[in-house]
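# Structure assessment
One letter stands for each residue in the lines below.
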Amino acid sequence: MTAYLFTGGQFLDVKTKKMVEGVEVLIEDGIVRDVSNKPITASSAQRIDLRGKTLMPGLVDAHVHVVATLVDLAANAELPSSLVALRTSKIMNGMLMRGFTTVRDLAGADLGLKLAVEEGLIDGPRLVICGKALGQTGGHTDYRTRFDNRPLHEASLGALGRICNGIDEVRRGAREEIRNGADFIKIMANGGVASPTDPIHVLQYSREEIIAIVEEANNVGTYVSAHVYTDAAIRRAVECGVHSLEHCNLIEKETAELAAKSGAIACPTLAAYEGLAMEGEAFGLKPDSVAKIETVRVGGLRSLEILRDAGVPMAYGSDLLGQLHHYQSIEFSTRNKVLPAADIIQSATLISAKLCRLEGQIGELSPGAFADLLVVDGNPLDDISVLEQHDKLTAIMKGGRFYKNELAA
Ligand code: ZN
Ligand code: ZN
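Heads up: these notes are all about the structure in this document. Keep in mind it's a predicted model, so treat the numbers as computed, not measured. (Residues numbered from 1 in each chain as written. Chains lettered and ligands numbered in written order. Predicted model: local features only at pLDDT ≥ 70, side-chain atom pairs only at ≥ 80, totals over all residues. Heavy atoms only, no water.)

## Some details on the overall build of the protein
Looking only at helices and strands, the protein has 12 helices and 19 strands in total. Expected size for 409 residues packed as a compact globule is a radius of gyration near 22 Å; at 21 Å, the protein falls within 12% of this value. Projecting the C-alpha coordinates of the protein onto the three principal axes gives extents of approximately 65 × 45 × 45 Å. Within the span of the protein, comprising 409 residues, buried residues form 60% of the whole. Contacts spanning at least 24 positions in sequence make up 69% of the contacts within the protein whose residues lie at least 6 apart. Per element, the accessible surface of the protein, about 15,800 Å² overall, is 50% carbon and sulfur. Taken as two groups, the 42 positive and 53 negative side-chain charges of the protein have centres that lie 1 Å from each other. (Helix = DSSP H or I, 4+ residues; strand = E, 2+ residues; numbered from the N terminus. Rg over C-alpha atoms; globule rule 2.2 N^0.38 Å. Buried < 20%, exposed > 50% of the residue type's maximum accessible area, 1.4 Å probe, protein only. Contact = heavy atoms within 4.5 Å. Areas by Shrake-Rupley, 256 points an atom, 1.4 Å probe, with all protein chains shown as cover. Lys, Arg positive; Asp, Glu negative; His and termini not counted. Charge placed at Lys NZ, Arg CZ, Asp CG, Glu CD.)

## What to know about the coordination of the zinc ion (ligand 1)
Within the protein, H227 (ND1) and H247 (NE2) serve as the donor atoms for the zinc ion (ligand 1), at 2.0 to 2.1 Å. In this structure, the zinc ion (ligand 1) is positioned 3.7 Å from the zinc ion (ligand 2). One end of the pair, H227, is in strand β14 (residues 224–230); the other, H247, is in strand β15 (residues 244–250), and 20 residues separate them in sequence. Assigned by exposure class, H227 and H247 land together as buried. (Donors = N, O, S within 2.8 Å, 3.2 Å for Na, K, Ca; no water.)

## Some points on the pattern of salt bridges
Where side chains of opposite charge bring their charged atoms close, a pairing between them can arise. A complete count under the given rule lists 27 salt bridges for this structure. Of the charged contacts in the structure, one is a salt bridge between E176 and R162, with a shortest N-O distance of 2.6 Å. One end of the pair, E176, is in helix α4 (residues 166–179); the other, R162, is in strand β12 (residues 161–163), and 14 residues separate them in sequence. For E176, a relative accessible area of 28% corresponds to the partly exposed category. Note on R162: relative accessible area 15%, which makes it buried. When the shortest N-O distance is used, the salt bridge between E274 and R297 registers 3.3 Å. Separated by 23 residues along the polypeptide, E274 in helix α8 (residues 270–279) and R297 in helix α9 (residues 287–297) bring together distant segments of the chain. Among the charged side chains, a network of salt bridges with common partners joins R162, R172, E176 and E177. (Salt bridge = Lys/Arg side-chain N within 4 Å of Asp/Glu carboxyl O.)

## A closer look at helix α12 (residues 341–355)
Here α12 contains 15 residues, and its C-alpha end-to-end distance of 20 Å stays within 8% of the 21 Å for a straight helix at 1.5 Å per residue. The largest bend in α12 amounts to roughly 40° and is located at S347. Of all 15 residues that make up α12, 13 are buried, and the element is covered over most of its length. Positive backbone phi, at 55°, marks R357, one or two positions downstream of α12. (Expected span 1.5 Å × (residues − 1). Bend = angle between axes of the 7 residues up to and from the residue.)

## Re the coordination of the zinc ion (ligand 2)
Taken together, H63 (NE2), H65 (NE2) and D319 (OD) make up the full set of protein donors to the zinc ion (ligand 2), lying 2.0 to 2.2 Å away. Between consecutive donors of the zinc ion (ligand 2), the numbers of intervening residues give the motif H-x1-H-x253-D. The class for H63 is buried, based on a relative accessible area of 1%.

## Things to note about the packing of aromatic side chains
On inspection of all chains with the given rule, the structure shows seven aromatic pairs. Aromatic side chains F100 and F332 sit 6.4 Å apart centroid to centroid with 20° between the ring planes, which places their arrangement in the stacked category. Placement of F100 in strand β9 (residues 100–105) and of F332 in helix α11 (residues 330–335) is noted, with a sequence separation of 232 residues between them. Each of the two residues, F100 as well as F332, counts as buried. With centroids separated by 5.3 Å and ring planes inclined at 15°, the aromatic side chains of F184 and Y223 adopt a geometry described as stacked. With a gap of 39 residues between them, F184 in the loop between α4 and β13 (185–188) and Y223 in the loop between α5 (207–219) and β14 connect regions that are remote in the sequence. Overall, the relative accessible area of 3% leaves Y223 in the buried class. Ring-pair connections join several aromatic residues into one group, and the members of that group are Y4, F6 and F402. The ring of F184 carries the charged tip of R104 above its face, separated from the ring centre by 5.0 Å. (Phe/Tyr/Trp six-rings, centres within 6.5 Å; stacked < 30°, edge-to-face > 60°. Lys NZ or Arg CZ within 6 Å of the ring centre and 35° of its normal.)

## Considerations on the pairing of β13
Going residue by residue along β13, you find I185 and I187 tucked away on one face and K186 and M188 tucked away on the opposite face as well. Sheet topology note: the β13/β14 ladder contains four bridges and is parallel. Of the residues in β14, the one forming a bridge with I187 is A226. Handedness of the crossover is the feature at issue here: the chain leaves β13, passes through α5, returns alongside β14, and the resulting connection is right-handed. (Pairing = 2+ DSSP bridges. Right-handed = clockwise from strand over helix to strand, strands pointing away.)

## So, the packing of helix α6 (residues 231–239) against helix α7 (residues 253–262)
Orientation of α6 relative to α7, taken along the N-to-C sense of each, is 20°, at an axis distance of 10 Å. Here α6 lies roughly parallel to α7, going by the angle between them. Handedness of the crossing formed by α6 with α7: left-handed. Here D231, I234, R235, V238 and E239 of α6 lie close against α7, whose contacting residues are E254, T255, L258, A259 and S262. When grouped by side-chain class, the residues that make up the contact of α6 with α7 number four nonpolar, two polar and four charged. (Axes fitted to C-alpha atoms, helices over the stretch in contact; angles between N-to-C directions. Parallel < 35°, antiparallel > 145°, perpendicular 65-115°, else oblique. Left-handed = near helix turned anticlockwise from the far one by under 90°. Nonpolar A, V, L, I, M, F, W, Y, C, P; charged D, E, K, R; others polar.)

Here it is, written out as structure tokens:
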């Protein structure tokens, strides 16, 4: 593979949150070989002059649903798996072209998609998967209306979840997902927007079921992520050993402090509610679901302040469905209403890398890491909106290969 020496631009050091001049970065065999503030000698490497531009790590979105090809998840589950897979490859390519070189999928993506990326069949981001999310009957993976008692289309690729009830079934569900290649386990522990019969406030799964799933995940050295909005649901999840707390819109101070103490990581997903509020109904979101959006949307910005003050690390999440995926980057400006750009950039790099269990390999440009990087026309620390203006992403590299390169040769 070609070697590249990036030189002459500004280097965004995500660890120190500073822009540094005069840093050179050598890429060899898909890996960052050297990063130095002195000139690097590499006579065989292709020199790339970055004058006036910023070099930074590729972004990591820690909450996506790549197989959600429709906003209407019930309809999505009824699509042929082949169609879902082909649409998914386009959705994933869109993510990569928005600068996300790794995504953590929070329900739906399977090992086949992950292998397809590794084989180069899909020009998409690295994929970290949980397989199907575990949910209870009437919970957030149960998309049936009250009048529909037919079984769910759980075997199809377009089904984001599977229903399991009781200790034995949840253990089996977790073990099957792990056997099928899940990197972590996802559970639905609270009501949700996209499911029709569960109001936001309801708790889902018993403590005993959650504890059993956490034990299964911990037995194989991984963790549980839970879909949670309300303070009560988040507190219970933390007490049961859940590590990755999705959404967290309605969290309060004491629970946030407990989460911080337990070492949990939160993954707010404000882009989802902005996107659903703007266009969800137009793309088939049902009235029951539309009515729930505001409940979680209003708490979003306040939850960021509570999590920050309590010291809970926050990953970057977008959680968009179907036709709304193009809003993936508005999470940056939405969070920037209350958080500084540098902190949001850390969320979309170092902290999301932790949830992917790929610390040191993604989300930073240091020796030994994957050569996943962006060249940005602008300074994201001064103006984070440059990360939303995709024409300002002059180059996108993943694993040492350019997927976009508009730098002058
Ligand atoms: Zn969720
Ligand atoms: Zn989600």
